[in-house]
Structure formats: structure tokens, C-alpha cells
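Each chain, written out:
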Amino acid sequence: MIFAHRGSSEAFSELTRAAYVQALLDGADGVECDVQLTRDGHLVLHHDAQLGRTSNGNGPVSQHTLAQLRALDFTSWKGVPIPSSHGSADEQLLTLDELLDLLEAAGRSIGLAVETKHPSPFGHGLEEAVLVLLMRRGWDPETGWLGNIKVSIMSFHPDGVRYLLQSVSPRHVCQLVADTTVSTVRHSMRVGPAAAMVYRAGMRLVVPPAVPIIAHGEVELAGPGIQFVRDHLHEVINWRANGSVLRVWTVDSFVDTHLCLAIGVQQITTNVPADVLRWVGEATDGTATTESTAASCHPAMEPTAASGRHAPVRAKSRGPRVAGNPLYA
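Described in the following lines is the structure provided in the data block. Being a predicted model, the structure only gives us computed values, none of them experimental.

## Description of the overall build of the protein chain
Regarding its fold elements, the protein chain presents 13 helices and 12 strands. The buried share of the protein chain, reckoned over its 329 residues, is 54%.

This is how it looks when you write it as C-alpha cells:
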């Protein structure tokens, strides 16, 4: 499966109606979104805890009402005009409810990966709000289906994942994982280097490791970032061998796409779904050699002296199409 990361977010402003309309037009098998709770209890699609990077607002999302957020501009920062077919300017901010409406109207089966954003001032009230909304609309947490939408829920925070597992099948819960560095904290929390060092130290103390949840099989969906895959290739291959479904993010290049194919990744999250669909299609049609491409982009994929084969690759990736942020991405 190919998941559109925050919609087709290379083309249009992330997490907006336009980005999701484009993702459907691009033929994405699924879409991914980040959710935050507003002051008045609405689930809105927004990545950062703070306004500012992708709007003309400021301050925490959690301290704004939905009406206040509706009054903000979430598209001008991208510098891309919005076609009338992709919604008007005042329709671009979406609630999770509205995204579900959009996907229900798609006329085909489609995946939805919902990420709960932590740290949240609402704690596990964020996960609970997602579950309540989905259940109200008729979601089956055992099968994962809500009409034509196959829903999974994910988080970087292991406690959030374990909270979800109390009522959702492990088949539909994804533990996201990435190495925590000063750089990833700066990127995800939009802070300077000094603040990032403090945040990173605090996170290492209060956020339990995510990898054991995957390694111990508590969830079936494993969500490593593409850099984590590169840095821990054999570990990720072992997860796959032990039955995990790999959902890798954010895969935006030809080389990374073919690395994912070579190790049997089942789900790819990308900002450029149309491109990745084309690259995967070329590989499965036999017009590209998956193993040789992967070998050229990762030293661990070089042939062994004894066999001349690419050691980590158990079989060539010629199977189904594949449909995948730092710490709190």
C-alpha cells in the first residue's frame, strides 16, 4: 500500500483538504494524518503542537477553539494556488470527522492511518477522543473497517500505543519509531539547538523505548522512519521475518522506494504518492531490478563473498504494491 503522508503534501499544503483531494486523484491506496485536540474538544488535522509554521496563527493548537482555527489561513505559506475542485480557502482546515466524510465519498476502499500527537496536554484523552469518534461512526476495532475505510491508529509514544491496545486489535495499531537525536527533536518540535538538547534529555527519561513494543510483537504494524531503516537494516528485516507489517515513512525518492521493496516493506508513506506508485509499478512490472537498486544504495545489501547474493534479501520483491517523522513526527 502507498499512503499519502499528510495527503499529497508535496503538491499542496500538508493536512489540508486540497492535499487529500489530490492524494485521491493520485491514486494513493491510503492517507495519513496527524490529530490534535482543540480547546473545545474537536479533533483537527495539524502536525505541530504550536501554530505558526503552516498558518498565520500562533500559540498552542490546544488553546484555540475550532472556530478560532477556522479563521486562520493554512495554505498561503506553501505559495501554491488551490484549484476550485480542491475546496475553497475556508474549507482547507479539516477535522478528522471531515476527512472521514471525504474518504467515504471516494467510491473505493482506502486506508487511513491516524497519528495521535504527543506530548499532548490532554494525555490519553487524545486517543480516547479518536476512539469515541470512530466508534460513533461505526468503526469495527477488530476488523479495522469503517465502511470503505480501513483505519489504523499510530503513535510514537509507547504509552499511547498501549492505551490503544486495550480496545483495538494489534493488527490496527502501529508503533512509530525513530532514533531520538537533537536534530530530530529540533525538526519535530520547532525549537533551537539548546532547547532541543533539554527536550531530548527529558524525553529519554519519561518516554519509554518504542522498539521493544515491536520486537515483542505487541503490535503487528511497525512504523520505522526511512533513516531508521537505513541505520538498523538487519533489525528491521528481522521484524519483517517475525511477522511485523512494515509501514515505512517518509519515502520520497526512487532509491529509498527500491530499498523498501528489496526488504519486503508492505506499506510506504510518502509526500509524493504519484511518484512512488509509478516507481513501484515499474519494479513490479520488471522494468527495474529491486535487489540491485537496493544494493547500490545501502552497503549492507552488498553481495556475500560465498554466494554472490545480497545477504539480507530473502527473496526478490515482486509481490503486492507497497502503499509510509522524527520523534513526534
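## Thoughts on the pairing of strand E6 (residues 110-116)
A large share of E6 lies buried, amounting to seven of its seven residues. Residues Ile-110, Leu-112, Val-114 and Thr-116 point to one face of E6 and Gly-111, Ala-113 and Glu-115 to the other, with burial holding for every one of them. As paired strands, strand E2 (residues 30-37) and E6 are joined by six bridges and run parallel to one another. For Gly-30, the partnering residue across the bridge sits in E6 and is Gly-111.

## Observations regarding the nonpolar core
Grouped burial of nonpolar side chains is what soluble globular proteins tend to show. Cys-33, Leu-96 and Leu-112 are the most contacted members of the largest nonpolar core, which totals 66 residues. By residue number, the principal contributor to this core is helix H4 (residues 125-136), which donates six residues. When sequence neighbours within four positions are dropped, the list of residues in contact with Leu-96 reads Cys-33, Val-35, Leu-43, Leu-45, Leu-112, Val-114, Val-130 and Leu-133. With nine residues, the next largest nonpolar core counts Phe-3, Met-154, Cys-174 and Leu-176 among its residues.

## A look at the packing of helix H11 (residues 254-262) against helix H12 (residues 273-284)
In the contact formed by H11 and H12, the axes pass within 10 Å of each other and the chain directions differ by 50 degrees. Considering the angle they form, H11 stands oblique to H12. With respect to the hand of their crossing, H11 and H12 are arranged in right-handed fashion. For the pair formed by H11 and H12, the contact residues are Phe-254, Thr-257, His-258 and Leu-261 on the first element and Val-276, Trp-279, Val-280, Glu-282 and Ala-283 on the second. Considering only residue class, the contact of H11 with H12 consists of six nonpolar, two polar and one charged.

## A word on the pattern of salt bridges
Pairing between side chains of opposite charge can happen when the charged atoms of each approach one another. Scanning the entire structure with this criterion turns up 15 salt bridges. Arg-53 is the partner of Asp-48 in a salt bridge, and the nearest nitrogen-oxygen pair spans 2.8 Å. Judged by relative accessible area, which is 5%, Asp-48 ranks as buried. Between Lys-117 and Glu-115 there is a salt bridge, and its shortest N-O distance comes to 3.0 Å. Exposure remark for Lys-117: the relative accessible area of 3% places this residue in the buried category. Residues participating in the shared-partner salt-bridge network are Arg-6, Glu-14, Asp-34, Asp-48, Arg-53, Glu-115 and Lys-117.

## Description of unusual backbone geometry
Most peptide bonds adopt trans geometry, and most residues besides glycine take a negative phi value. Cis geometry is adopted by the peptide bond preceding Pro-119, which originates at His-118 and carries an omega value of 0 degrees. You can see Pro-119 is positioned in the loop between E6 and H4. Its identity as a non-glycine residue notwithstanding, Arg-6 has a phi of 60 degrees, on the positive side. You can see Arg-6 is positioned in the loop between strand E1 (2-5) and helix H1 (17-26). Despite not being glycine, Leu-15 shows a phi value in the positive range, around 65 degrees. By the secondary structure assignment, Leu-15 is in the loop between E1 and H1.

## Notes on the environment of Leu-45
Summarising the element assignment, Leu-45 is placed in strand E3 (residues 43-45). A residue is classified by how much of its surface remains accessible, and Leu-45, at 2% relative accessible area, is buried. Once the C-alpha coordinates of Leu-45 and Leu-96 are considered, the two residues, 51 residues apart in sequence, prove to be 6.4 Å apart. Contacts of Leu-45, omitting those with residues within four sequence positions, involve Leu-15, Tyr-20, Cys-33, Asp-34, Val-35, Leu-93, Leu-94, Thr-95, Leu-96 and Leu-99.

## A short note on H1
Here H1 lies mainly inside the structure; eight of its 10 residues are buried. Turning to H1, its buried residues number three or more, namely Arg-17, Ala-18, Ala-19, Tyr-20, Val-21, Gln-22, Ala-23 and Leu-24. Summarising the contacts, the buried residues of H1 are in contact with E1, E2, E3, helix H3 (96-104) and E6. With its phi angle positive at about 90 degrees, Gly-27 sits one or two positions after the end of H1.

## Here's the deal with helix H5 (residues 158-165)
Think of an α-helix as 3.6 residues a turn; residues three or four steps apart then line up on the same face. Listing the buried residues of H5 in full gives Pro-158, Gly-160, Val-161 and Leu-164. Seen from one end, H5 has its buried residues packed into an arc of 160 degrees, which puts them on one side. Residues of H5 that are buried make contact with H4, strand E8 (149-155), strand E9 (173-177) and helix H8 (211-215).

The rules behind these values
- Residues numbered from 1 in each chain as written.
- Predicted model: local features only at pLDDT ≥ 70, side-chain atom pairs only at ≥ 80, totals over all residues.
- Heavy atoms only, no water.
- Helix = DSSP H or I, 4+ residues; strand = E, 2+ residues; numbered from the N terminus.
- Buried < 20%, exposed > 50% of the residue type's maximum accessible area, 1.4 Å probe, protein only.
- Pairing = 2+ DSSP bridges.
- Core = buried A, V, L, I, M, F, W, Y, C linked by side-chain atoms within 4.5 Å.
- Contact = heavy atoms within 4.5 Å.
- Axes fitted to C-alpha atoms, helices over the stretch in contact; angles between N-to-C directions.
- Parallel < 35°, antiparallel > 145°, perpendicular 65-115°, else oblique.
- Left-handed = near helix turned anticlockwise from the far one by under 90°.
- Nonpolar A, V, L, I, M, F, W, Y, C, P; charged D, E, K, R; others polar.
- Salt bridge = Lys/Arg side-chain N within 4 Å of Asp/Glu carboxyl O.
- Arc of directions from axis to C-beta.

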